[in-house]
Amino acid sequence: VQLVESGGGLVQAGGSLRLSCAASGFTYSSYIMSWYRQAPGKERELVAAITAAGDRTNYADSVKGRFTISRDNAKNTVYLQMNSLKPEDTAVYYCNRVLGITRPRPLDAWGQGTLVTVSS
């Protein structure tokens, strides 16, 4: 299994970024996919998850209305569109396949992630 995150960077508060995660090594279209983040000094937390068919999503309260998770099963890629970014969104963002959409349980080792830094 390989999960490669990209798209992070430095952005001003109120700006937008789109993260991508390319997956390989498993039957991508069969799994719920998710985005997590870990801010400095904090535990890793769920940001969003999307079902295998893309018909259901789950978001952390802190990002609802600002972030959108989507997937392209033909490209084995999951995306996270992040709008109206805030300094508290600063973190390393990771993707993972998970079990369960309501209380996701990560299946794989964490990759390197992609760093998002939001300046005030």
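Values in this document were obtained by computation on a predicted structure and should not be read as measured data. (Residues numbered from 1 in each chain as written. Predicted model: local features only at pLDDT ≥ 70, side-chain atom pairs only at ≥ 80, totals over all residues. Heavy atoms only, no water.)

Engineer: Whenever I open this one, the nonpolar core confuses me. Can you help?
Structural biologist: Most often, soluble globular proteins have nonpolar side chains that are buried together. Grouped together as the largest cluster of nonpolar side chains are 28 residues, with contacts concentrated most on Trp35, Val78, Leu80, Met82 and Tyr93. Elements supplying a minimum of two residues to this core: β3 (17-24), β4 (32-38), β5 (45-50), β7 (67-72), β8 (77-82), β9 (91-99) and β11 (114-119). Among the elements that make up this core, the one with the highest residue count is β3 (four residues). If near-sequence neighbours (up to four positions away) are discounted, Met82 is found in contact with Gly15, Ser16, Leu17, Leu19, Arg66, Phe67, Tyr93 and Val116. Core analysis: the second largest hydrophobic core is formed by five residues, Ile32, Tyr36, Ala49 and Val98 among them. (Core = buried A, V, L, I, M, F, W, Y, C linked by side-chain atoms within 4.5 Å. Buried < 20%, exposed > 50% of the residue type's maximum accessible area, 1.4 Å probe, protein only. Helix = DSSP H or I, 4+ residues; strand = E, 2+ residues; numbered from the N terminus. Contact = heavy atoms within 4.5 Å.)

Engineer: Teacher, can you tell me more about the sheet that holds β3 here?
Structural biologist: Backbone-to-backbone hydrogen bonds join strands into a sheet, with any given pair of strands oriented parallel or antiparallel. Strand order in this open sheet of four strands is β1-β3-β8-β7, and the pairing throughout is antiparallel. A single partner strand is all that each edge strand has here, and the edge strands are β1 (2-6) and β7. Here the strands of the sheet are splayed against their neighbours by 15° on average, with no regard to which way each runs. As defined by bridge partners, β3 adjoins β8 across six bridges and the pair is classed as antiparallel. When the sheet's bridge partners are listed, Cys21 is paired in β8 with Val78. (Pairing = 2+ DSSP bridges. Axes fitted to C-alpha atoms, helices over the stretch in contact; angles between N-to-C directions.)

Engineer: What am I meant to see in the environment of Pro106 here?
Structural biologist: Among the structural elements, Pro106 can be located in strand β10 (residues 105-106). Linking Pro106 and Tyr36, residues 70 residues apart in sequence, is a C-alpha distance of 9.6 Å. Every residue in contact with Pro106, bar those within four places of it in the chain, is listed here: Tyr36, Asn96, Arg97 and Val98.

Engineer: Help me understand the pairing of β11 in this model?
Structural biologist: When a strand is regular, its side chains alternate between the sheet's two faces. The side-chain alternation of β11 yields one buried face, formed by Thr114, Val116 and Val118, and one unburied face, formed by Leu115, Thr117 and Ser119. Bridge analysis of strand β2 (residues 9-12) against β11 gives four bridges, and the strand direction is parallel. Bridged to Val11 within β11 is Val118.

Engineer: Could you clarify how one ought to interpret the environment of Cys21 in this entry?
Structural biologist: On the secondary structure map, Cys21 appears in strand β3. On the accessibility criterion, Cys21 (0% relative accessible area) is buried. A C-alpha to C-alpha distance of 9.8 Å links Cys21 and Gln2, two positions 19 residues apart in sequence. What Cys21 contacts, discounting residues up to four positions off in sequence, is Leu3, Val4, Glu5, Trp35, Asn76, Thr77, Val78 and Cys95.

Engineer: Could you clarify how one ought to interpret unusual backbone geometry in this entry?
Structural biologist: For residues other than glycine, phi is negative in most cases, and the peptide bonds are mostly trans. Located in the positive-phi region is Asn76, a residue other than glycine, with phi close to 50°. The residue Asn76 is located in the loop between β7 and β8 in this model. Of note, Ser84 is a non-glycine position whose phi angle comes to about 50°, a positive value. By the element assignment, Ser84 lies in the loop between β8 and β9. Residue class for Ser84 comes out partly exposed when judged on its relative accessible area of 40%.

By themselves, these are just geometric observations and shouldn't be taken as functional.
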